[in-house]
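# Fold and geometry: a report
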Amino acid sequence: MLLEGLTVYALNKYGIREDYKWTQFPGFSVLCHPKTGKWVVLLMRQWDPDTGEMQEVCDLKSGHVVLSERSPEWLSGPFRMKGTNWIGVRFTDETDRGVVLRLFDQAIRLGNPPAKAIVLENPAPETAKERVFQDVPLDFGDWKGSNSAPVPDPDAASRQTPARGGTGITDSFFRATDALPQQYIDMMDLYDYNDRKPGHAARNFVRQGRFMQNATDHRPWNGWIRQRFPTYHDLNVRQLRGYFTWRTEIRNGIFRDTNSSLAYLYLYELLNGIGADSPRDTLEKLEAFEAGFLDAGYGDEQMHLNLRRWMYEFSIVHDMPPDVTVRYMHPETARRDEALSILKEPQNRTDREICDALLQFAPRWQKQGKVVCDISGKGPGLFAQVWRDLVDHKWQDTGQTVFEACFGTAQSYRWYPLSNAVWMDPEQGKDREYQLSPIRSWSRHQGIWHESRYESLYFNLDRLQVIVRAMERLLRKEAGIRGSLQKRPEEAWVEPLILETIERDRQEREAKELEAQRQAAMDSVQIDFSSLSKIRQDAITTRDSLLTEEETEDLDPGVPRPAHFPPVAPAALDDPDTEAQTQPETAEPQADTMGEPGQTDHEEQPPEILPADTSGVPGIDLDPVHHQILQALLAGKSAQPLIREHRLLASVVTDAINEALFDEIGDNAMECEGEDITLVEDYREDVMDILGGMKHE
């Protein structure tokens, strides 16, 4: 049994909601008595590092008398509470659900306020005790022998429940209602009263549900019922006929409001494949119910949450495609898992996806970093490439990769699919695996499910922030983005790795530029091989026309004069010798020398000497008044006297100092609340370094 089973029971039967009273202890909560408001149950969820699982226990105010030598192991003394009325319950696979719920009912009864006495008059003290009356239920006994028979209750027959071993339907019932269809009687006979093993309610429900899969009816019922984990066996005849009448309308696309217990009964049918042709058809019908019933305002928020959870777990159990399962995940969990998947396997992801994934776990000021926000420049590309190179690198020789050092490793937990529904696993004995993403997977072995996932409990986001800040600091300079950040000691180990990526990216870009230039030069040269033959023929004709008759006779008659030169094959142009004779030698590329005329490469340019800024602080845009205010804040003094003396506004002063320091720090270093200006303590050292460094320049 899970602790959740107790909280759902308390909500459905008594309307008691779990109350989280301590924000610093999110695993602790209480269930209070609906009438007195006093604690009835103290719920505790604690992580056990030895077993690697979440331990669920509670202290129950049901009376210490229930404990004895024969008490089960999961029942003990209280864990936190004190007093003889408190007992402790440990929620394990051996915990008896029925016993725990009976103890809870007993705790509610013990917590009820005492009956009030009604005094009819103010008697004498010696007779007052005899004049006190209490509200006691009346017992009519055997009314058959009385002179007048009581008026029969018209709903008495509908409240009859089948007796063990039979239908329990008497002749008086048929006199009070119409004839019951034989199909209902046959369904009741299918209930196995001898099956008391765990899961017997789900087995009987599925057996009866398959028998009534195509049943229809036309007998509406508008009564009220509140039943925890309702099944057919929990309903009387009028409720059953009302349910199948409502279900008939649902299957015809007509969604009407009904009791929540009957609506849950319909959902249990679909989860067990009753009324659906396939798992995909089940999901489509569940989505139709969500749109037609819940989105129309029927049901409640808890039913909506349960339905989304059931569709998610149903998709996993029935091996649906991951893109289908993700639709039913909690949106926040889906976004977190997607970001972790990108960071774990970034090689085939886009630069923008990697940047967004990193910033999802970064603090506010890093999300506004100048590198990742430089959409038109090369900042995001460098940012993403650095993470691709770092993700599998070892973290400071600890044996962990950078990803593992920041987000831990996948942890395995027991998983109980559809545990808060009436559901029977159709393939309980079959081993199988289900992979939703690189971050989350499930496996079943010998009927036991386990979930493997990354828990935020093991995240070390401080390490990730160190990496992101170092990347932002170094990539600003490479991308040509103004505004520098101060170097911090904890960034020393990752700086060489980032610089290595930057240098490799620079070399690759230079190589691509040279290749592009060479290709452009080759594309600019065009040779028309079809005109070479005509050029040679024209040359021969011109030569013959210039020779005299005597010169023509002197030619060796044994050597035939060709009519034309054969065309040159294009392959001959690729011959190195031919190319060397026809192409001019390419000059060696000269180094790009930038500087003043007459200056050699070995000469160093003198540093630029700026005139002293007597109006404020050198290097940052602050006048003397703002500088005095900044110095006062660093000294722990109030800035109000200076602000009042110079008749300034605190908010305007704050904006001016933040704007002057933003290029150096990358965030707001001052905060203003009303007339008070305070220095953000995280940036005190950075501001002191800026002012101190400027004093020594």
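Residue positions are given per chain, counted from 1 along the sequence in the order it is written. In keeping with the predicted nature of the model, local features appear solely for residues at pLDDT of at least 70, side-chain atom pairs appear and are counted solely at 80 or more, and the whole-chain, interface and lining totals rest on all residues. With hydrogens and water excluded, all non-hydrogen atoms of the structure serve as input to the side-chain values.

## A short note on the packing of helix α14 (residues 379-390) against helix α17 (residues 495-524)
In a packed pair of helices, the relevant descriptors are the angle between the two axes and the axis-to-axis distance. Counted only if it meets this: A fitted line through C-alpha atoms represents every axis, and for helices the fit uses only the stretch in contact; the resulting angles, taken between N-to-C directions, go from 0 to 180 degrees. Where helices and strands are cited, they refer to DSSP runs of H or I of at least four residues and of E of at least two residues respectively, numbered from the N terminus. Here the angle decides the label: under 35 degrees means roughly parallel, over 145 means roughly antiparallel, 65 to 115 means roughly perpendicular, and every other value means oblique. Should the near helix be turned anticlockwise from the far one by less than a right angle, the crossing is termed left-handed; should it be turned clockwise, right-handed. Throughout, a contact is declared for two residues whenever any of their heavy atoms are within 4.5 Å. Residue type decides the class: Asp, Glu, Lys and Arg count as charged, Ala, Val, Leu, Ile, Met, Phe, Trp, Tyr, Cys and Pro as nonpolar, and the leftover types, Gly among them, as polar.
Closest axis-to-axis distance for the α14/α17 pair is 10 Å, and the angle between their directions is 120 degrees. The angle between α14 and α17 places the two elements in the oblique class. The crossing of α14 and α17 is right-handed. Two secondary-structure elements touch here, α14 through L382, Q385, V386, D389 and L390 and α17 through L497, I498, T501, R504 and D505. Looking at the contact of α14 with α17 residue by residue, the classes come out as five nonpolar, two polar and three charged.

## As for the packing of helix α4 (residues 182-189) against helix α6 (residues 237-251)
Direction vectors running N to C along α4 and α6 enclose 110 degrees, while the axes themselves pass 12 Å from each other. One finds that α4 runs roughly perpendicular with respect to α6. Seen along the crossing, α4 lies across α6 with a hand that is right-handed. Across the interface between the two elements, Y184, M187 and M188 from α4 touch V237, L240, R241 and F244 from α6. Looking at side-chain class alone, the contact of α4 with α6 contains six nonpolar, no polar and one charged residues.

## Concerning the sheet that holds strand β3 (residues 53-60)
Within a sheet, adjacent strands bond to each other through the backbone by hydrogen bonds, running parallel or antiparallel. To keep it simple, the criterion reads: Pairing between two strands is assigned when DSSP locates at least 2 bridges connecting them.
Taken together, the five strands give an open sheet; going across it, the order is β1-β2-β3-β5-β4, and neighbouring strands pair in antiparallel fashion. Only two strands of the sheet have a single neighbouring strand rather than two, namely β1 (28-32) and β4 (75-76). Taken together, the four bridges between β3 and strand β5 (residues 87-90) define a ladder with antiparallel strand orientation. Bridge pairing in β5 links V57 to R90. Contacting β1, β2 (39-48) and β3, helix α1 (residues 3-14) crosses the sheet at an angle of about 155 degrees to β2.

## Structural notes on the confidence of the model for the protein chain
Rules: Note on scores: pLDDT gives the predictor's confidence for each residue, bounded by 0 and 100.
Mean pLDDT for the protein chain: 78, with 74% of residues reaching 70 or above. Below a pLDDT of 50 lies the segment residues 119-177, which in the model reaches 44 contacts outside its immediate sequence neighbourhood of four places, other chains included. Per-residue pLDDT stays below 50 along residues 567-616; that stretch engages in 18 contacts with residues further than four places along the chain or on separate chains.

## Thoughts on α17
Side chains that are three or four residues apart share a direction in an α-helix, a result of its 3.6 residues per turn. Using the following cut-off: To estimate the expected span of a helix, count its residues, drop one, and scale the result by 1.5 Å. Partly exposed describes any residue whose relative accessible area lies between the buried limit of under 20% and the exposed limit of over 50%, with all areas from a 1.4 Å probe on protein chains only and scaled to the type maximum.
Along its 30 residues, α17 runs 44 Å from first to last C-alpha, staying within 8% of the 44 Å computed at 1.5 Å per residue. Along α17, the residues classified as buried are E495, L497, I498, T501, I502 and D505.

## Some words on the side chain of R388
What counts, and what does not: Here a polar contact is recorded for every N or O atom pair within 3.5 Å, except that within protein the pair must consist of a potential hydrogen donor and a potential acceptor, and residues adjacent in sequence are included only if both atoms are side-chain atoms.
Looking at the secondary structure, you find R388 in helix α14. Judged by relative accessible area, which is 12%, R388 ranks as buried. Within polar-contact distance, the side chain of R388 engages the backbone oxygen of P346 at 3.4 Å. Every residue in contact with R388, bar those within four places of it in the chain, is listed here: P346, Q347, R349, T350, D351 and I354.

## Focus: the nonpolar core
Rule in force here: We call a set of buried Ala, Val, Leu, Ile, Met, Phe, Trp, Tyr and Cys residues a nonpolar core when their side-chain atoms join them within 4.5 Å.
Counting 56 residues, the largest nonpolar core has L267 and F289 as the members making the most contacts within it. Elements supplying a minimum of two residues to this core: α4, α5 (200-211), α6, α7 (260-271), α8 (279-294) and α9 (301-317). The dominant element in this core, judged by the number of residues it contributes, is α7, at nine residues. F289 has contacts with W246, F255, A263, Y266, L267, L294, M303 and L307, leaving out every residue within four places of it along the chain. With 37 residues, the next largest nonpolar core counts I342, C355, V402 and L474 among its residues.

## Thoughts on helix α11 (residues 331-344)
The end-to-end C-alpha distance of α11 is 20 Å, a good match for the 20 Å that 14 residues give at a rise of 1.5 Å each. Where α11 is concerned, the buried positions are A334, R336, D337, A339, L340, S341, I342 and L343. Check the buried side of α11 and you find it contacts α12 (351-360), α14 and α15 (402-407).

## Describing the packing of aromatic side chains
Heads up, the condition is: Classification of ring pairs uses Phe, Tyr and Trp, with its six-membered ring standing for Trp, and accepts pairs whose centres are within 6.5 Å; under 30 degrees between planes counts as stacked, over 60 as edge-to-face, and the remaining range as tilted.
In total, this model carries 29 aromatic pairs according to the counting rule given. For the ring pair Y9 and F104, a centre distance of 6.2 Å and an interplane angle of 75 degrees mean the geometry is edge-to-face. With Y9 in helix α1 and F104 in helix α2 (residues 97-111), the pair connects residues that are 95 residues apart, well separated along the chain. Judged on exposure class, the residue Y9 and its partner F104 are both buried.

## Focus: the pairing of β2
Direction of pairing for β1 relative to β2: antiparallel, over a ladder of five bridges. Across the sheet, the residue bridging to S29 is L43, located in β2. With eight bridges joining them, β2 and β3 adopt antiparallel strand pairing. Within β3, the position partnered with Q46 by the bridge is Q55. Counted along the chain from β2 to the antiparallel partner β3, the turn is four residues long, and its residue G52 has a positive phi close to 70 degrees.

## Quick notes on the sheet that holds strand β10 (residues 441-445)
On the basis of which strands lie adjacent, the open sheet formed by four strands has the order β8-β11-β10-β9 and antiparallel pairing. Both edges of this open sheet fall to β8 (411-415) and β9 (432-435), since each of them pairs with a single strand only. Pairs of neighbouring strands in the sheet enclose a mean axial angle of 20 degrees, with direction left out of account. One ladder, built from four bridges, connects β9 with β10; its direction is antiparallel. Bridge pairing in β10 places Y434 opposite W442.

## Some details on the pairing of β5
Relative to β5, β4 is paired through two bridges, and the arrangement is antiparallel. Paired with S76 across the strands is G88, a residue of β5.

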